[in-house]
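Secondary and tertiary structure notes
Take a look at the letters that make up each chain.
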Amino acid sequence: MSTPSYNLLRLHLAQAELALDKARNNAYSDRRKEEYQNKLTDLYTAVYQEVNKKTSLTEADIYALYKRHIDFIFKSLEFLDSSTLNQIPYEIIECLNYAMNDWLGSRGDYIIVTSLINDVGGFSFDPSLAYSDALYDEIKAKYGIEFPQRLVQINLPRALARDYLASVVLYHELGHFVDMKFKFTESLTRDILNNVTEGRIAGKDLANLLIYFPYLNSHVGSKKTIPTQSQLFIVTNSHLAEYFCDLFASQYIADSSNYYLQYITENANFFSTSHPSTVNRVQTVTDFLSKSDNIVVKIINTAIYKIKKENLEIRNEAVKSDDFFNLVPTIIENVGQLHGILNTGWRVWLHQQEQLSKSLNDQFDNPLRLYSVVNNLLEKSIGNFITLNKWNKVKP
Amino acid sequence: MYHSHSYQDEAFDFFVTFLKNAIKGDVTYQQLVLPVITDAHLLATGEKDYFTINRDSYSVITFLVEADTPYFRQLNTNHLTTADYSQILQYANTQREAFLA
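Residues numbered from 1 in each chain as written. Chains lettered and ligands numbered in written order. Predicted model: local features only at pLDDT ≥ 70, side-chain atom pairs only at ≥ 80, totals over all residues.

A separate point is the interface of chain A and chain B. Listed as interface residues are 35 residues of chain A and, on the opposing side, 25 residues of chain B. If you list the elements that add at least two residues to the side of chain A that touches chain B, you get strand S2 (124-126), helix H5 (134-143), helix H6 (169-182), helix H7 (184-197) and helix H12 (295-308) of chain A. Among the elements that make up the side of chain A that touches chain B, the one with the highest residue count is H5 of chain A (six residues). Each residue belonging to the side of chain A that touches chain B can be placed in one class, and the counts come to 13 nonpolar, 12 polar and 10 charged. (Contact = placed C-beta atoms within 7 Å. Helix = DSSP H or I, 4+ residues; strand = E, 2+ residues; numbered from the N terminus. Nonpolar A, V, L, I, M, F, W, Y, C, P; charged D, E, K, R; others polar.)

Let us now look at the nonpolar core. Formed by 126 residues in total, the largest nonpolar core has its most connected members in Ile-300 of chain A together with Leu-64 of chain B. Among the elements that take part in this core, helix H9 (residues 231-253) of chain A stands out by supplying 10 residues, more than any other. Apart from residues lying up to four places away in sequence, Ile-300 of chain A is in contact with Phe-184, Leu-188, Tyr-243, Phe-244, Leu-247 and Leu-312 of chain A. (Core = buried A, V, L, I, M, F, W, Y, C linked by C-beta atoms within 7 Å. Buried ≥ 20, exposed ≤ 12 C-beta atoms within 10 Å, placed from the backbone.)

Another aspect to go through is the environment of Leu-43 of chain A. Residues and elements named next belong to chain A. Its place among the elements puts Leu-43 in helix H2 (residues 31-53). The exposure class of Leu-43 is buried, given the 22 C-beta atoms found within 10 Å. Considered as a pair, Leu-43 and Ile-73 are 30 residues apart in the sequence and their alpha carbons are 8.0 Å apart.

Residues and elements named next belong to chain A. Assigned domains of chain A: these are domain 1 (4-181), domain 2 (183-308) and domain 3 (322-394). On a C-alpha basis, the centroid separation for the pair domain 1 and domain 3 is 33 Å. Contact with domain 1, which involves nine residues of that partner, is made by 14 residues of domain 3. Its residues assigned to classes, the side of domain 1 that touches domain 3 comprises five nonpolar, no polar and four charged. (Domains from an automatic or database assignment.)

Residues and elements named next belong to chain B. Contact geometry for helix H2 (residues 27-45) and helix H3 (residues 58-67): axes closest at 9 Å, N-to-C directions at 50°. By the angle class used here, H2 and H3 are oblique. Remark: the crossing between H2 and H3 carries right-handed chirality. Contacts between H2 and H3 involve Val-36, Asp-39, Ala-40, Leu-43 and Ala-44 from the former and Val-60, Ile-61, Leu-64 and Val-65 from the latter. (Axes fitted to C-alpha atoms, helices over the stretch in contact; angles between N-to-C directions. Parallel < 35°, antiparallel > 145°, perpendicular 65-115°, else oblique. Left-handed = near helix turned anticlockwise from the far one by under 90°.)

Let us now look at the pairing of strand S3 (residues 150-157) of chain A. Residues and elements named next belong to chain A. As paired strands, strand S1 (residues 110-117) and S3 are joined by eight bridges and run parallel to one another. When the bridges of S3 are listed, Ile-117 appears paired with Pro-157. Both S2 and S3 contribute to a ladder of three bridges, which runs antiparallel. Bridge pairing in S3 links Asp-126 to Gln-153. (Pairing = 2+ DSSP bridges.)

With that settled, the discussion passes to the confidence of the model for chain B. Residue and element names in this part refer to chain B. Mean pLDDT for chain B: 88, with 87% of residues reaching 70 or above. Highest mean pLDDT in chain B belongs to helix H4 (residues 69-74) (98); lowest belongs to helix H6 (residues 95-100) (63). Segment residues 1-5: pLDDT under 50, and 11 contacts once partners within four positions in sequence are set aside and those in other chains are kept. In the model output, the complex is listed with pTM 0.91 alongside ipTM 0.87. (pLDDT = per-residue confidence, 0-100.)

On to the sheet that holds S1 of chain A. Residues and elements named next belong to chain A. As summarised here, the arrangement of the three strands in space is S1-S3-S2, forming an open sheet in which the pairing is mixed. Here the strands that pair on one side only, and so sit at the sheet edges, are S1 and S2. Sheet twist, expressed as the average angle between the axes of neighbouring strands with direction ignored, equals 30°. Relative to S2, H6 is tilted by about 30°, and along the sheet it contacts S2 and S3.

Another point: helix H4 (residues 90-104) of chain A. All names here are of chain A. The terminal C-alpha atoms of H4 lie 20 Å apart, and with 15 residues this matches the ideal 21 Å at 1.5 Å per residue to within 8%. As for H4, its buried residues are in contact with S1, H6, H9, helix H14 (335-351) and helix H16 (367-394). Looking one or two residues past H4, Gly-105 carries a phi angle of roughly 85°, positive in sign. (Expected span 1.5 Å × (residues − 1).)

As structure tokens, then:
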């Protein structure tokens, strides 16, 4: 058999073998990544053997049966390669792991890997290897190889990889991943649009809803079904997802990301097709944190409860900033404080720079020095907690 | 920053590929598509709703039911035929067009 498509498949296999060979030198801090990489080698061997057994393969067979599995090996290696020991901002990843475990279970089904990118605004999650179980189910059924974990990649700006103030936005990005897994906001979008077009929401509730989704005004009582693929559905879903992620993040980091959001969006009071207005986003978080009545919080909580029997709740504990001014790491006593200390760092930066400056005996004229001190104290405080926690788990 | 990507197309790609293999009689793939088709049937009959259908295949299930609710309502998921897989493939193949419509 020597068709062009078959020879391209052989090229793909050769490239994968070389990539796996190179990855053998990777050193990971997490044993699960090594195990995952070994599974990739098993998968490569299984695909290679099956392809070799075939006496004929059409182009369609190659695409439908094998190419995607080799693509998966490459994508996984891409994630693993950039997440080796010397590149990981370990402390923030551990914070996110705790938050992820609250929602996706503590069995370690998901491994956070990181990629440092050359874009100062480039905080994002790449869930492409964790969006759906379809491929994993296929690999298990076809080759008998089971991947017990899914890789979730966090992209971090290289320049801000150790910036614990800016990194709080990763909680928002984690929210997108959690929402993607449970489809909280996608389910809710259908519900809201049906209620609006069928006139099932009225009075004060409708007026409140239209504050946060003003473009729905012209659809009230229209009796038209809004298709899932329509622009209106997509925009509404996107806005709901942003509200959800802001709320999700604020469970852990309180109002920390509001400041950053207001700054980078210049506190926009208009919505875009992908994002609600910053003013509405900040108001929603403020209402949630102050336990004030808010229609967006209410409907999102209803959807979460229907799907997961849970609610949004404050999952952080306030940490005093005294240690910052003594220039020593704070002793974090529990996971709530682990998240809470990031908000403490923000409060020091926003309101107590002068006090910190006095502790350093400088003249409040060196923002880089203050920035380094705040980041170092946050990193050491978090790092100490993680080390102690691990020690307490293994000590006799 | 503050953006996430849509991976719905990829979920559809998998489903379409699985269906094509199911049509060829591959039992492994017939078993892989069965839970999705079953939930589409249950959503169409009202036995499940948008909050209770399978989360992993959510986009595919909701799209299929929107494409032809009566079809999925009457579908016998205990005995799916090649004709059923082919019909469902036709619906799934319209996803990109529907998105761009």
